[in-house]
Amino acid sequence: MKDINFNLEISYSQIGIFLVNLDDPFNEWNENHIAQGFSWRKESVCFGTLSNEGQCRIVVGIRDKLTYNQQATRVIVVPFVVEENGIEVASITEGIEILIPKGNYEIVFSARAAKNNEDTDSYEIFFVKKSNPSARIIIADEE
C-alpha cells in the first residue's frame, strides 16, 4: 500500500482511528487517558493532538517494522485489529476511510508540531503487522 496523505480539520483535540461503520467510534476520555495521550479500546483509538483545533497534515501507511518521524515530539504505539472493512481516520467533523489489510497490528502514532506560523502540525499513523502487539509510549512530551 502506498502512503495516503491528506489534511484533516482537528476538533476536540483528537484524531480517531477506528473500524469502518463502528457505532460510537470516538472514545470517552478520563484523566488517565489525557495524561497518557490516548484513549483505547479494541476497535477504536483516539490520540490527543498537539493543537485544540485547526488544519493538520496526516500520513497513513503500512510499515514492516516500527518507524516514526525523528522530529516527532510525541510517539505512541497501541495494538489494533483490522477487520474486513478497513479503518477510518477522523476528527469529530470529518474523516477518510482507508483499506488496511485484515490482521493484527501495532499502530505507531507520531506527532510533529508546526515549525512556524505558515506550517501545520503533522501526524504519521503507521500500521506494523504484529502477532503480539503491545501498547507503549516511545516519546512523551510535556502534555
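Residues numbered from 1 in each chain as written. Predicted model: local features only at pLDDT ≥ 70, side-chain atom pairs only at ≥ 80, totals over all residues. Heavy atoms only, no water.

### With respect to the nonpolar core
For step 1, the next point in the chain: Formed by 27 residues in total, the largest nonpolar core has its most connected members in Ile-15, Ile-58, Val-89, Ile-125 and Phe-127.
For step 2, the next point in the chain: Residue assignment for this core shows that the elements contributing at least two residues are strand S1 (4-10), strand S2 (14-19), strand S4 (44-48), strand S5 (54-63), strand S6 (74-82), strand S7 (87-90), strand S9 (103-112) and strand S10 (122-129).
For step 3, the next point in the chain: Not counting residues within four places of it along the chain, the set of residues in contact with Ile-125 comprises Ile-15, Ile-17, Ile-58, Val-59, Val-60, Gly-61, Val-89, Ile-107, Val-108 and Phe-109.
For step 4, the next point in the chain: Listed in part, the seven residues of the second largest apolar core include Val-59, Val-75, Val-77 and Val-128. (Core = buried A, V, L, I, M, F, W, Y, C linked by side-chain atoms within 4.5 Å. Buried < 20%, exposed > 50% of the residue type's maximum accessible area, 1.4 Å probe, protein only. Helix = DSSP H or I, 4+ residues; strand = E, 2+ residues; numbered from the N terminus. Contact = heavy atoms within 4.5 Å.)

### Brief notes about the sheet that holds S6
For step 1, the next point in the chain: What the six strands build is an open sheet, ordered S1-S5-S10-S9-S6-S11; its pairing is mixed. The open sheet has two edge strands, S1 and strand S11 (136-139), and neither has a second partner. Across this sheet, the average inter-strand angle for adjacent strands is 25 degrees, counted without regard to direction.
For step 2, the next point in the chain: Of the strand pairs in this sheet, S6 and S9 are connected by nine bridges, and their pairing is antiparallel. Within the sheet, the bridge partner assigned to Arg-74 lies in S9 and is Ala-111. (Pairing = 2+ DSSP bridges. Axes fitted to C-alpha atoms, helices over the stretch in contact; angles between N-to-C directions.)

### Here we look at the pairing of S10
For step 1, the next point in the chain: With seven of eight residues buried, S10 is to be regarded as a mostly interior element.
For step 2, the next point in the chain: Strand direction decides the pairing type here: S5 and S10, joined by seven bridges, are parallel. In the sheet register, Ile-58 faces S10, and the bridge partner there is Tyr-123.
For step 3, the next point in the chain: Across eight bridges, the pairing between S9 and S10 is antiparallel. Looking at the pairing, Glu-106 lines up with Val-128 of S10.

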